[in-house]
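# A closer look at the structure
Okay, here's what each chain looks like letter by letter:
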Amino acid sequence: MSVISIDVMNAMRYIGVSTEDYELSSASFIRRQISRIHGIGHIYRVMIFVALLAERKQKSREGLLAFCAAYLHDLARLNDGWDPEHGFRAVSLMSQYNALWEKYNLSSVELEYIKYAMANHNKGCRYSGDLSKEMVVSLLKDADALDRVRFNNYKARLKIAWLQYEESKTLINLAQQVYMQTYRIDRIGMPINLQQFISLLQLE
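What you see is a predicted model, and the numbers here were worked out from it, not measured in a lab.

The next point concerns the packing of aromatic side chains. Taken as a whole, this structure holds 7 aromatic pairs when the rule is applied. With centroids separated by 5.0 Å and ring planes inclined at 90 degrees, the aromatic side chains of Tyr22 and Phe67 adopt a geometry described as edge-to-face. Of this pair, Tyr22 sits in the loop between helix 1 (3-15) and strand 1 (23-24) while Phe67 sits in helix 3 (residues 60-72); the two residues are 45 residues apart in sequence, bridging distant segments of the chain. The same class applies to Tyr22 and to Phe67, which are both buried. Each ring, one from Tyr179 and one from Tyr183, has its centre 5.9 Å from the other, and the planes form 40 degrees; the classification is tilted. Overall, the relative accessible area of 17% leaves Tyr179 in the buried class.

Here is the structure:
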């Protein structure tokens, strides 16, 4: 196992997830056509970045909740362009994953945090007054922003000032490496679980 995949798996263990529990295919998405921009590869990379960031912030439970939000956050997109309500629509998919939420003993309050993060991950700041709730959405926002490295002009699309945490800024180079190792997954729609995706990380 490579150094980078060991780091990722350590972060997964820190937030308490089993990577085999998370699987995506083209059938997971509301739109069935394969998206190279907001598809399987993008979602798994955002999940990885959430875990890495949560470990660095030492916020395991908030990291788990942001991780679960990342799993669903782009499944309800209708297109790869302007779709401001896609996060809100993703909330409607929550009940399809009740067995997963039960396995991880998520409380009703924590499920609301996940919904809040999904509905607001592409919105401007809306301070709720709940620090844990805000951290869940902030972890998702920064992780989602880090995968802007997938764009050719990412330096114009990933504004350092947009990242809310200093720890996120230190992950940019790693995000590039993860993308270069996994971008081929963006072109397929076959089922692949997160464990298989992480096994693609062979950088030393």
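Read on, since the account is not over.
Apart from glycine, the bulk of residues carry a negative phi angle, and the bulk of peptide bonds sit in the trans form. Its identity is not glycine, yet Gln58 carries a phi of approximately 55 degrees, on the positive side. Looking at the element boundaries, Gln58 is found in the loop between helix 2 (40-57) and helix 3. Taking relative accessible area as the criterion, Gln58 reaches 52% and is therefore assigned exposed. A positive phi angle, near 55 degrees, is found at Asn105, a position not held by glycine. You can see Asn105 is positioned in the loop between helix 5 (98-103) and helix 6 (108-120).

Core analysis: the largest hydrophobic core is formed by 72 residues, its most contacted members being Met12, Tyr22, Met47, Ile48, Phe67 and Leu194. Those elements that place two or more of their residues in this core are helix 1, helix 2, helix 3, helix 5, helix 6, helix 7 (131-146), helix 10 (172-182) and helix 11 (194-198). Of the residues forming this core, the biggest block, 12 residues, is contributed by helix 2. Dropping the residues within four chain positions of it, Phe67 is found in contact with Met12, Ile15, Val17, Tyr22, Met47, Val50 and Leu194.

Moving on, we get to the pattern of salt bridges. Here the structure, examined in full by the defined rule, presents 11 salt bridges. One salt bridge in this structure joins Asp80 and Arg31, with 2.6 Å as the shortest N-O distance. Placement of Asp80 in the loop between helix 3 and helix 4 (86-91) and of Arg31 in the loop between strand 1 and helix 2 is noted, with a sequence separation of 49 residues between them. For Arg45, the salt bridge goes to Asp186, with nearest N and O atoms at 3.1 Å. Note that Arg45 is positioned in helix 2 and Asp186 in the loop between helix 10 and strand 2 (192-193), a separation of 141 residues in sequence. Note on Arg45: relative accessible area 0%, which makes it buried. A network of salt bridges, in which partner residues are shared, links Arg45, Asp147, Arg150 and Asp186.

Rules behind the numbers
Residues numbered from 1 in each chain as written. Predicted model: local features only at pLDDT ≥ 70, side-chain atom pairs only at ≥ 80, totals over all residues. Heavy atoms only, no water. Phe/Tyr/Trp six-rings, centres within 6.5 Å; stacked < 30°, edge-to-face > 60°. Helix = DSSP H or I, 4+ residues; strand = E, 2+ residues; numbered from the N terminus. Buried < 20%, exposed > 50% of the residue type's maximum accessible area, 1.4 Å probe, protein only. Core = buried A, V, L, I, M, F, W, Y, C linked by side-chain atoms within 4.5 Å. Contact = heavy atoms within 4.5 Å. Salt bridge = Lys/Arg side-chain N within 4 Å of Asp/Glu carboxyl O.

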